[in-house]
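Structural description and commentary
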Amino acid sequence: MTNKLKYFIGNWKMFGVFNSFKIINKINKYCYNSRNLHNKKIVLCVPNTLLDFFSKKLKSKYISLGSQSCHYHEGYGPFTGSVSAFMLKKIGSEYIILGHSENRREGDTYDLLRKKVISALNQKLNIIFCIGETLSEKNKKKTHNILRKQIKDSLSKKFNYKKIIFAYEPVWSIGTNKIPKINELRETIKFIKKESKKIFKNKNLKVLYGGSVNPKNIRSFSSVAEIDGFLIGGASQSSKKFIDIIKNYYK
Ligand code: PGA
């Protein structure tokens, strides 16, 4: 089994209260007890309401905390209901998910996303930049065109590539229990790496897979060496499922 660094990133979405810290606590204990941590990076992206509380409780070097989206404006401003990257960084966020299809659906355009990426980079947040095609785009064989546009229209060669990780999340696989065919997935991950190399002057960027990852199907992804890790939604809301995903990946 590979010794390359793999990311296991949980996306809690709109889930959790203070008491949900017990989930993170169990994952933390698993990390503490497991010997092989040098090749794994574990991140939990939780709602903003929990970041401060969790980051104070989590005195752990095994797990990092992240947030989910932010306003494009830096610092403070007259934006009712919004939170900036600066504010998220201040309360313990090290990572941030941007470009998730659920946010694109609610109005995150390519241009808005570029501004959000800039403000997150200014705060030195690590960005998990989600891209992916819808089912109808896939059926029309537009996957590559869509992914290229999502990358090119929001990212620029001026950006610090070390702070950007891609997450390939086909929209049709999110929360549906459907996953891509392994050969197709391998080709798509390679395509994303090739396209990002064009922008970032031959630098190797990490590409994760996300969409219905669970303890049962995780084994099927281990054969794709090009995948640098996983963005896990629903299954990250259970410590058992999240831990089983990690364990089964290395079985
Ligand atoms: P899922 O979500 O694992 O529940 O399909 C993944 C995501 O939306 O990041």
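Everything discussed here concerns the structure shown above.
Residues numbered from 1 in each chain as written. Predicted model: local features only at pLDDT ≥ 70, side-chain atom pairs only at ≥ 80, totals over all residues. Heavy atoms only, no water.

Looking only at helices and strands, one finds 10 helices and 8 strands in the protein. In terms of overall size, the protein behaves like a compact globule, its C-alpha atoms giving a radius of gyration of 17 Å where 251 residues would be expected to give roughly 18 Å. For the protein, the C-alpha atoms occupy an extent of roughly 50 × 45 × 30 Å along the three principal directions. Across the 251 residues in the protein, those meeting the buried criterion constitute 51%. Approximately 12400 Å² of the protein is accessible, and the part contributed by carbon and sulfur atoms is 52%. Each charge class in the protein was averaged separately, 49 positive and 17 negative side chains, and the resulting centres sit 6 Å apart. (Helix = DSSP H or I, 4+ residues; strand = E, 2+ residues; numbered from the N terminus. Rg over C-alpha atoms; globule rule 2.2 N^0.38 Å. Buried < 20%, exposed > 50% of the residue type's maximum accessible area, 1.4 Å probe, protein only. Areas by Shrake-Rupley, 256 points an atom, 1.4 Å probe, with all protein chains shown as cover. Lys, Arg positive; Asp, Glu negative; His and termini not counted. Charge placed at Lys NZ, Arg CZ, Asp CG, Glu CD.)

Take the pattern of salt bridges next. Under the definition given, this model contains 13 salt bridges. Lys149 serves as the salt-bridge partner of Asp153, at 2.6 Å between the closest nitrogen and oxygen. Between Asp228 and Lys193 there is a salt bridge, and its shortest N-O distance comes to 2.8 Å. Placement of the pair is Asp228 in the loop between helix H9 (218-221) and strand E8 (229-232) and Lys193 in helix H8 (residues 182-199), with a sequence separation of 35 residues. (Salt bridge = Lys/Arg side-chain N within 4 Å of Asp/Glu carboxyl O.)

Considered as a void within the structure, the largest pocket measures approximately 580 Å³ in volume. In terms of lining residues, the largest pocket is bounded by 20 residues, among which Gln68, Ser69, Cys70, Asn103 and Glu106 are the most central. Here the residues of the lining of the largest pocket sort into 6 nonpolar, 9 polar and 5 charged. (1 Å grid on protein atoms, 1.4 Å probe; cavity = no way out; pocket = protein on both sides within 12 Å on 5 of 7 lines; lining within 4 Å. Points joined across faces, edges and corners; volume = space filled by probe spheres on them. Nonpolar A, V, L, I, M, F, W, Y, C, P; charged D, E, K, R; others polar.)

So, on to the environment of Phe159. Topologically, Phe159 is positioned in the loop between helix H7 (143-152) and strand E6 (164-168). On the accessibility criterion, Phe159 (11% relative accessible area) is buried. C-alpha separation for the pair Phe159 and Leu231, spaced 72 residues apart in sequence, amounts to 22 Å. Beyond its immediate chain neighbours, meaning those up to four positions away, Phe159 contacts Arg114, Val117, Ile118, Leu121, Ser154, Ile164 and Phe200. (Contact = heavy atoms within 4.5 Å.)

As a matter of local geometry, the ligand sits amid Asn11, Lys13, His100, Glu169, Ser173, Ile174, Gly175, Gly211, Ser212, Leu231, Gly233 and Gly234. Lys13 has a polar side-chain atom sitting 2.7 Å from an oxygen atom of the ligand. If the ligand stood free it would expose 280 Å²; the protein chains cover 94% of that surface. Of the residues in the shell around the ligand, the class split is 2 nonpolar, 8 polar and 2 charged. (Near = heavy atom within 4 Å. Polar contact = N/O pair within 3.5 Å; in protein donor to acceptor, adjacent residues only side chain to side chain.)

Attention shifts here to the packing of helix H1 (residues 21-33) against helix H10 (residues 239-249). It is at 9 Å that the axes of H1 and H10 come closest, and there the two elements cross at 30°. Between H1 and H10, the crossing angle belongs to the class labelled roughly parallel. For the pair H1 and H10, the crossing hand works out as right-handed. Two secondary-structure elements touch here, H1 through Ile23, Lys26, Ile27 and Tyr30 and H10 through Ser239, Phe242, Ile243, Ile246 and Lys247. (Axes fitted to C-alpha atoms, helices over the stretch in contact; angles between N-to-C directions. Parallel < 35°, antiparallel > 145°, perpendicular 65-115°, else oblique. Left-handed = near helix turned anticlockwise from the far one by under 90°.)

Turning to H7, a few remarks are in order. When we look at burial in H7, the residues that qualify are Thr143, Ile146, Leu147, Gln150 and Ile151. Angularly, the buried residues of H7 cover 130° about the axis, an arc narrow enough to put them on a single face. Of the surrounding secondary structure, the elements contacted by the buried residues of H7 are helix H4 (101-105), helix H5 (110-122), strand E5 (126-131), helix H6 (135-139), E6 and H8. (Arc of directions from axis to C-beta.)

Counting residues in each nonpolar core, the largest one holds 61 residues, and the members touching the most others are Phe8, Ile24, Leu44, Phe129 and Phe230. Looking at this core, the element that brings in the most residues is H1, giving 6 residues. Discounting residues that sit within four places of it in the chain, Phe8 has contacts with Lys40, Lys41, Ile42, Val43, Phe230, Ile232, Phe242, Ile245, Ile246, Tyr249 and Tyr250. Core analysis: the second largest hydrophobic core is formed by 12 residues, Ile9, Cys45, Ile128 and Ile165 among them. (Core = buried A, V, L, I, M, F, W, Y, C linked by side-chain atoms within 4.5 Å.)

Running from N to C, H7 and H8 point in directions that differ by 35°, and their axes come no closer than 10 Å. The two elements H7 and H8 cross, and the hand of that crossing is right-handed. Taking contact as the criterion, the partners of His144, Leu147, Arg148, Ile151 and Lys152 in H7 are, on H8, Thr188, Phe191, Ile192, Glu195 and Ile199. By residue class, the composition of the contact of H7 with H8 is 5 nonpolar, 2 polar and 3 charged.

Relative to the helices and strands, His100 is located in the loop between strand E4 (95-98) and H4. Polar side-chain contacts of His100 include one of 2.9 Å to the backbone nitrogen of Glu102.

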